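Below, each chain spelled out in residue letters.
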Amino acid sequence: MGRQATVSSRDLPEEIRGRRRTGDRLAEDLASAGVRDHRVLAAVREVPRDLFVPDHLRHLAWHDTPLPIGAGQTISAPHVVALMCELLELSGDERVLDVGTGSGYHAALLSRLSHHVWSIEREPELSRQAQDNLDAARIKNVTLIVGDGTRGHLEAAPYDAINAAAAASGAPPTDLEGQLASGGRLLVPVDGYDQRLVLTRRTGDDLTRRVLDPVSFVPLRPD
Ligand code: SAH
């Protein structure tokens, strides 16, 4: 390895050096919070979360905390997003559907872990903002759709993984389970007595559901 091939961090602009430091720190926090998947931790380091939050909250972007993103919605805390990404067991070549684009941050992480992400948001203004955020982060393998995500997105189905960042009522939406490829996984918060993540796995025509951790997401609002 020639010495001149190495880019010293001193040669990088301060903005990028700052992100590297804060990204490394956040990834360490998430590892302490129980995130084990190295690809997920690398994606957390690499996706600039500061580009996905409103300007006046940028100073908080690299803290492990949820933040308001407008339209009464929030970007989830990074440890929640990271643990959800980990549960989908992505290896890099998957087609992924993401329900509830919000800021686009969760979709951005999923895009680093898979081949392509389709992400649906019902609020057109949030979807427009998310597109700007993804463009600023130079992420190209995410397609945004405006619509009701409880019905999934049949045009690009089936999916190897489906992620929802808003809570379904009572059970995982049947349309989403129906758009899973064989071997595919659906992760969705479900409201019952309390709110839990539910992971559905399809094997051929069989669906198995596992009820996992308690979470707190806004409701999925069907049209
Ligand atoms: N994943 C987002 C945060 C999600 S907040 C991020 O990384 O920032 C939940 C989002 O789900 C909100 O933006 C809300 O408008 C959206 N939502 C609620 N019901 C929906 C539905 N039926 N279809 C699509 N999006 C929905």
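For clarity, every value in this text was computed on a predicted model and none was experimentally measured.

S.K.: Any chance you could explain the pattern of salt bridges here in plain terms?
M.R.: A pair can form between side chains of opposite charge whenever their charged atoms are brought close. A full pass over the atoms with the stated rule returns 10 salt bridges. Among the ionic pairs, Arg-45 bridges to Asp-24, the shortest N-O distance being 3.3 Å. One end of the pair, Arg-45, is in helix α2 (residues 38-46); the other, Asp-24, is in helix α1 (residues 14-32), with 21 residues separating them in the sequence. Owing to a relative accessible area of 37%, Arg-45 belongs among the partly exposed residues under this scheme. Close ionic contact of Glu-123 with Arg-221 constitutes a salt bridge, the shortest N to O distance being 3.5 Å.

S.K.: I keep staring at the side chain of Glu-121 and nothing clicks. Help me out?
M.R.: Mapped onto the elements, Glu-121 comes out in strand β4 (residues 116-121). No salt bridge forms around the buried Glu-121; measuring N to O, its nearest opposite-charge neighbour Arg-221 is 5.5 Å away. Only 3.4 Å separates the side chain of Glu-121 from the backbone nitrogen of Thr-101, close enough to count as a polar contact. Apart from residues no more than four positions distant in its own chain, Glu-121 is found in contact with Gly-100, Thr-101, Gly-102, Leu-126, Ser-127, Ile-145, Val-146 and Gly-147.

S.K.: When you look at the pairing of strand β5 (residues 142-146) in this model, what are you seeing that I'm missing?
M.R.: Look at any regular strand and the pattern is simple: side chains alternate between the two faces of the sheet. Pairing of β4 with β5, which is carried by five bridges, proceeds in the parallel orientation. Across the sheet, the residue bridging to Glu-121 is Val-146, located in β5. Between the parallel pair β4 and β5, the chain is carried across by helix α5 (residues 124-136), and the sense of this crossover is right-handed.

S.K.: Is there a simple way to think about the packing of aromatic side chains in this case?
M.R.: All chains considered together, the criterion is met by two aromatic pairs. On the basis of an interplanar angle of 65 degrees and a centroid distance of 5.8 Å, the ring pair of Phe-52 and Tyr-105 is categorised as edge-to-face. Within this pair, whereas Phe-52 is found in the loop between α2 and β1 (67-70), its partner Tyr-105 is found in helix α4 (residues 105-113), the two being separated by 53 residues in sequence. Judged by relative accessible area, Tyr-105 falls into the buried class, the value being 1%. The side chain of Arg-49 reaches across the aromatic face of Tyr-105, ending 5.6 Å from its centre.

S.K.: Sorry, what's going on with α5 here?
M.R.: An α-helical segment advances 3.6 residues per turn. Residues three or four places apart therefore align on the same side. Given a rise of 1.5 Å per residue, 13 residues ought to cover 18 Å, and the 19 Å separating the end C-alpha atoms of α5 matches this to within 8%. Buried within α5 are the following residues: Leu-126, Ser-127, Ala-130, Asn-133 and Leu-134. Buried residues along α5 cover an arc of 115 degrees about the axis, so they all sit on one side.

S.K.: Would you explain helix α3 (residues 78-87) in this entry?
M.R.: Considered for burial, the residues of α3 that qualify are Pro-78, Val-81, Ala-82, Met-84, Cys-85 and Glu-86. Each element contacted by the buried residues of α3 is listed here: α1, α2, α4, β6 (159-164), β8 (180-191) and β9 (195-203). Positioned one or two residues after α3, Glu-89 has a phi angle of 50 degrees, which is positive.

S.K.: What is the right way to read the pairing of β6 from this model?
M.R.: When you tally the buried positions in β6, you get five out of six residues, the bulk of the element. As paired elements, strand β3 (residues 95-99) and β6 share four bridges and run parallel to each other. The residue of β6 that forms the bridge with Val-96 is Ala-161. Looking at chain direction, β6 and β8 are connected through four bridges and run parallel. Looking at the pairing, Ile-162 lines up with Leu-186 of β8.

S.K.: Explain the side chain of Arg-49 here, please?
M.R.: Inspection of the secondary structure assignment puts Arg-49 in the loop between α2 and β1. Buried and unpaired, Arg-49 has no salt bridge, with Asp-64 as the nearest side chain of opposite charge at 6.5 Å. Separated by 3.1 Å, the side chain of Arg-49 and the backbone oxygen of Ser-76 make a polar contact. Among residues more than four places away in sequence, those in contact with Arg-49 are Leu-60, Ala-61, Trp-62, His-63, Thr-65, Pro-66, Leu-67, Ile-75, Ser-76, Ala-77, Pro-78 and Tyr-105.

Reading guide: rules and limits
Residues numbered from 1 in each chain as written. Predicted model: local features only at pLDDT ≥ 70, side-chain atom pairs only at ≥ 80, totals over all residues. Heavy atoms only, no water. Salt bridge = Lys/Arg side-chain N within 4 Å of Asp/Glu carboxyl O. Helix = DSSP H or I, 4+ residues; strand = E, 2+ residues; numbered from the N terminus. Buried < 20%, exposed > 50% of the residue type's maximum accessible area, 1.4 Å probe, protein only. Lys, Arg positive; Asp, Glu negative; His and termini not counted. Polar contact = N/O pair within 3.5 Å; in protein donor to acceptor, adjacent residues only side chain to side chain. Contact = heavy atoms within 4.5 Å. Pairing = 2+ DSSP bridges. Right-handed = clockwise from strand over helix to strand, strands pointing away. Phe/Tyr/Trp six-rings, centres within 6.5 Å; stacked < 30°, edge-to-face > 60°. Lys NZ or Arg CZ within 6 Å of the ring centre and 35° of its normal. Expected span 1.5 Å × (residues − 1). Arc of directions from axis to C-beta.

Any functional reading would require information beyond the geometric quantities listed.
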